[in-house]
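If you want the building blocks of each chain, they are given just below.
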Amino acid sequence: MIPGTTPEPLEELAAEERTEWAKFTGRMPADWFPPETWPMLAQLCRHICQARWFGHTLQEVRAGLLNPTDDDQLDRVERLIRCHDREGKAVVALMVKLRITSQQRIADDGVARRARAEASQQPEVPPWMTPRADPDERPGRAQ
């Protein structure tokens, strides 16, 4: 890998998965995905494409191809929903691990600044001013 260049999609990826790879690597800084993250990024691209396929399949079912009185068809739909949900969870987990969610990109100093501002709005009570619970009034204590 040449410093300052985005990594090329792995050869093992299908065309649709390569497109997802290019979207991520094109949007993030060139050094965001070092070689040790490439297997996770490849897996993320696979899960995105799988989730998309399950989503399209579920849309087709909702378009009227389902007989709501057929238990076998309902079971198949339930399996599709579970698979779609599983793919979505995998996508979220990998995006968090690769630090590419919007939550991960919020600067820590901004979070700290907001926390300090919120804390300054509440009067600080020194520990010695905090009322102590009467030991006889603790929950679970026999009366």
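Here the structure is a predicted model, which means the values were calculated and not measured. (Residues numbered from 1 in each chain as written. Predicted model: local features only at pLDDT ≥ 70, side-chain atom pairs only at ≥ 80, totals over all residues. Heavy atoms only, no water.)

### A look at the overall build of the protein
Within the protein, the regular secondary structure consists of 5 helices and 0 strands. Within the protein, buried positions represent 27% of all 143 residues. When the accessible area of the protein is evaluated, it comes to approximately 11000 Å², of which 54% is carbon and sulfur surface. (Helix = DSSP H or I, 4+ residues; strand = E, 2+ residues; numbered from the N terminus. Buried < 20%, exposed > 50% of the residue type's maximum accessible area, 1.4 Å probe, protein only. Areas by Shrake-Rupley, 256 points an atom, 1.4 Å probe, with all protein chains shown as cover.)

### Comments concerning unusual backbone geometry
For R99, which is not a glycine, the phi torsion comes out positive at approximately 60°. Among the structural elements, R99 can be located in the loop between α3 (71-97) and α4 (102-105).

### Topic: the confidence of the model for the protein
Of the residues in the protein, 67% have a pLDDT of 70 or more, and the chain-wide mean is 81. α4 is the least confidently modelled element of the protein, averaging 62 in pLDDT, while helix α1 (residues 15-27) averages 95, the highest of any element. (pLDDT = per-residue confidence, 0-100.)

### Observations regarding the nonpolar core
Ranked by internal contacts, the top residues of the largest apolar core, which has 17 residues, are W21, F24, F33, L41, L44 and I100. Among the elements that take part in this core, helix α2 (residues 38-65) stands out by supplying 6 residues, more than any other. Counting residues in each nonpolar core, the second largest holds 6 residues, with L58, V61, L80 and C83 among its members. (Core = buried A, V, L, I, M, F, W, Y, C linked by side-chain atoms within 4.5 Å.)

### Notes on the environment of M28
Within the element layout of this structure, M28 appears in the loop between α1 and α2. Each C-alpha atom, one on M28 and one on I100, is 8.2 Å from the other, the two residues being 72 residues apart in sequence.

### Considering the packing of aromatic side chains
Each aromatic ring pair is summarised here by two numbers: the centre-to-centre distance and the angle between the ring planes. Taken as a whole, this structure holds 1 aromatic pair when the rule is applied. On the numbers, 5.0 Å between centres and 75° between planes, the contact of W53 with F54 is edge-to-face. Overall, W53 belongs to the partly exposed group, its relative accessible area being 48%. Classification of F54 as buried rests on a relative accessible area of 10%. (Phe/Tyr/Trp six-rings, centres within 6.5 Å; stacked < 30°, edge-to-face > 60°.)

### Side note on the pattern of salt bridges
Applying the stated criterion across every chain yields a total of 7 salt bridges. Of the charged contacts, one joins E20 and K23 as a salt bridge, the two residues approaching to 3.3 Å between their closest N and O atoms. Residue E20 and its partner K23 are located together in helix α1, separated by 3 residues, close to a single helical turn. Linking E20 and R52 is a salt bridge whose minimum nitrogen-to-oxygen distance equals 2.8 Å. (Salt bridge = Lys/Arg side-chain N within 4 Å of Asp/Glu carboxyl O.)

### Re α3
Between the first and last C-alpha of α3 there are 39 Å, a value that for 27 residues agrees with the 39 Å anticipated at 1.5 Å per step. Every buried residue of α3 is accounted for by V77, L80, C83, E87, A90, V91, L94 and M95. Backbone geometry just downstream of α3 places R99 in the positive-phi region, at approximately 60°. (Expected span 1.5 Å × (residues − 1).)

### A look at the environment of E8
Looking at the secondary structure, you find E8 in the segment before α1. Classification of E8 by relative accessible area gives exposed; the value is 61%.

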